[in-house]
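# Per-entry structural report
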Amino acid sequence: MVGSPPVRAGRPATLSAAVRVEDRLEPRVRLPSDILRCVTACVEIALLVGLALLARATATGVEVDLVYASRKLATGVIAPLSTLASLALFVLPVLMAVMLIFRGQLRRLIEAAAIGLAASGVTLAFDALLHLHSLSGLSHALAKQGGPGAGSPLDAYLAGLVAFITVLGLSGRPRWRTAFVLAIGFYCLASVASSNGTTTVLTLLITLLIGQAVGTGLRYAVGTKSERPTAAEIASALSGVAAPVSEIRRIPDPSTDNRRYAALQRDGRMLDVTVFDRDQQTADAIYRIYRGLRLRSQVIRPTPLTVDRAIERRALMTYALEDAGVATPRLRAVLRVGPEAAVLATDHHPGVTLADLPKAPSDAQLAHIFDAVLKMHRHRVTHRALTSDHIMLTRDGNGSYGVMLLDPGDGDVAATDLQLRLDLAQLTASLALLVGPERAADTARAKMGDADVAGLVPLLQPVVLHRSTRAALRRDKDVLPALRKRLIGSAPETEVPPEQLERIRPRTVVTFVATVFAGYIVIGQLAHNSFIPVLKSADWHWILLAVALTAITYVGASWSLSGFVLEKLRLSRTFLVQLAGSFVTLVTPAAVGGVALNLRYLHKSNVEPADAAASVGVSQVFAFALHITLLVIFAALTGAVHSAKFRPPGWVYIALAALAAAILIILAFPGGRRLARSRIAPALGQVIPRLLDISQKPVKLVEGIGGALMVTLGYTLCLAACVVAVGGHASLPAIAVAFLTGNAVGSAVPTPGGLGAVEAALTATLIVAGLTNAHAFAAVVLFRLITFWLPVPIGWVALGYLQRHDAL
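Here goes a summary of the coordinates provided. Since the model is a prediction, treat every value here as computed from it, not as a measurement.

### Overview of the sheet that holds strand S9 (residues 352-353)
Here we have three strands laid out as an open sheet, ordered S9-S10-S11, and antiparallel in their pairing. Lying at the two open borders of the sheet, with one neighbouring strand each, are S9 and strand S11 (401-405). Pairing of S9 with strand S10 (residues 391-395) involves two bridges; the strand directions are antiparallel. Considered in S10, the bridge of threonine 353 is made with methionine 392.

As structure tokens, then:
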């Protein structure tokens, strides 16, 4: 087998001569694992607080059961154990402090004590917050309500002690760890069993987590004394398994968190040395966990979180590439250097990476790169990081170029077809950034063929590409679309949908969270408002009028769409499409599903994709303009009607002022103006030409504007009819302002159909307009039943009809 077998850590070999060392090892380092533990502890605190608020009755029942069970235990056992635990929690830190002083670690002791005091201060601050009247609900949910003289629910000393031992670390001290765990465990049991205290299981868990969060967070901030092996120790360890090292120097490499060295052996051979420090293996762990949850398992390989797994993986992939006949630096040594690091040494090869080339590679060099990657793929091996700094061009003695693949540690053996295609997609995207989309696509087509190249197009998604490639594509946003278009080749108008490579999309998570939050608000309103008697006594004549007005809005929506389309559309079929949109919005955010459905319908009606997008854009622009215009008009009318008790609360003006200030601040910076232009200019580029075309046909313009006006007024009058039906009293301008404001606010929340958000916003605005809570909520429920839920089954039937007749 090529290379040396791994060697166990031991005493470094003694060098016979001095080694020249060029290194800059930081005396103190920040451990990524500390920030990970701090964030995890904060998340757990938030979850415990949420659990206490959402399951207050259950938590109280569990608390009572635990207290009852602890009291059933022998009181003669609990009491002395509690005393011993309290004494141990005082004595153990003192003994540890004495030990550290004798070992000369006074600075470490002072840091731990200071951080422990900080954790106690944070706990006391949280405890003071729980005593505020505004947080009485949270206090009741977390703590037992003791009588006079009851203690604080959060234990400041316990939190400080946890932070103290977190900073010192107990991983290498099993006896100390056992003693602290037992003492803290019995102390917590005695605290929960106490009859006159306010401590609960939840407050104890939160206390422990506060200590851990503060301890790990401040330890990350101030740093920890480095226990990494020095360059001299690395050279000594390498000399014990290979030729003696005479020189070793640090090589800066911003692309990795691992240390890199160049080591010169006495026989003249140069080695590239990569050091895997244990404290760096959790770097970017949160980001990697996020991507592991978001992407499918074949798309992303979990990065090893231990040194042993990391070096084993790198060695395996190096041997796999060598077996495939692909050039990669030969592995010479894999060994441990002390308990904190492992070293991997490979032969050094002269050459230049694609990232360091003074000019773009030639077509022949691009072809050699594809040949090397395809040769590797024939052995079902992937690289997973084919970026410009991992591909090196070498030259042999005859002057011909060769290709060497560097750092294959993230790759796969026995790779699936999807993993092979992802590797090629990464390579093609990297080369497109380097030589342009045209040359990269042409080389890929020449080496792979049209059929295989077409299979790469659905995989060219930023989310599955290497991190450095994604960053470069964000700077040059035109590369990926141009590459897709070039790869499609002979059919540039063909739409190739992206392949589903994600388990969970961020938009789905946001929609789910917003839906749960909105549902929580609606359920709370259902619990606190007795609107059912109001609905039972509703006037059915007004309800029938509201249903008729809802039907009119669908006619208006049909005219609004057809009026802004120059091509002739069948009104009956357009009406059915708008009905089908009522079903689609049940599973998509408000306005998103309807827009997508209209675009699909226009495409099926032989309207060009660009014209269809422009027509839908014009209809949306006019709908928004009419919405704002009507809001201003009705607000003015509301002020003129003296009987209307419409007075917006103070927070409305504060919110509007904050929104205006945020917009002005964004536009004050060049970057903000560029962002605004990048968002608005493409839309205006489509909308304005279409609007000029439609303005040449006044009948079409009147049809479109009239339809949009009919939609807005129809829903406004429908809400007014619902208000009258439940016995509410408010002027029509006030109801119109309430609808236009509440509907705009509710529609901005990305829940399916605005569910929950629209109800909450409309209810709040109707209450401001002068309705009672019961009447406002009953009117909104009736309004949503008629305008949202009633059309859903009708829309489902319409959608099925349109699909059967190939209209969608």
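### Structural notes on the sheet that holds strand S4 (residues 245-250)
The six strands lie next to each other as S1-S4-S5-S6-S8-S7, forming an open sheet whose pairing is mixed. The open sheet has two edge strands with one neighbour each: strand S1 (20-22) and strand S7 (331-336). Between one strand axis and the next, the sheet turns by 20° as a mean value, whatever way the strands run. As paired elements, S1 and S4 share three bridges and run parallel to each other. Each residue of the ladder has a partner; that of arginine 20, found in S4, is glutamate 247. On the sheet, helix H9 (residues 231-239) packs against S1, S4, strand S5 (259-265), strand S6 (270-277), S7 and strand S8 (341-347) and is oriented at approximately 140° with respect to S4.

### Some thoughts on the pattern of salt bridges
Enumeration over the complete set of coordinates arrives at 18 salt bridges. Among the ionic pairs, arginine 260 bridges to aspartate 253, the shortest N-O distance being 3.2 Å. For aspartate 450, the salt bridge goes to arginine 445, with nearest N and O atoms at 3.1 Å. Residue aspartate 450 is classed as exposed on the basis of its relative accessible area of 52%.

### Let's talk about the packing of aromatic side chains
Enumeration over the complete set of coordinates arrives at six aromatic pairs. Pairing tyrosine 715 with phenylalanine 783 gives two aromatic rings, centres 6.5 Å apart and planes at 80°, and the pair type is edge-to-face. Here tyrosine 715, found in helix H26 (residues 698-725), pairs with phenylalanine 783, found in helix H29 (residues 773-789); they are 68 residues apart in sequence, far enough to count as distant. No difference in accessibility class separates tyrosine 715 from phenylalanine 783, as the two residues are buried. With centroids separated by 6.0 Å and ring planes inclined at 75°, the aromatic side chains of phenylalanine 739 and phenylalanine 783 adopt a geometry described as edge-to-face.

Reading guide: rules and limits
Residues numbered from 1 in each chain as written. Predicted model: local features only at pLDDT ≥ 70, side-chain atom pairs only at ≥ 80, totals over all residues. Heavy atoms only, no water. Pairing = 2+ DSSP bridges. Helix = DSSP H or I, 4+ residues; strand = E, 2+ residues; numbered from the N terminus. Axes fitted to C-alpha atoms, helices over the stretch in contact; angles between N-to-C directions. Contact = heavy atoms within 4.5 Å. Salt bridge = Lys/Arg side-chain N within 4 Å of Asp/Glu carboxyl O. Buried < 20%, exposed > 50% of the residue type's maximum accessible area, 1.4 Å probe, protein only. Phe/Tyr/Trp six-rings, centres within 6.5 Å; stacked < 30°, edge-to-face > 60°.

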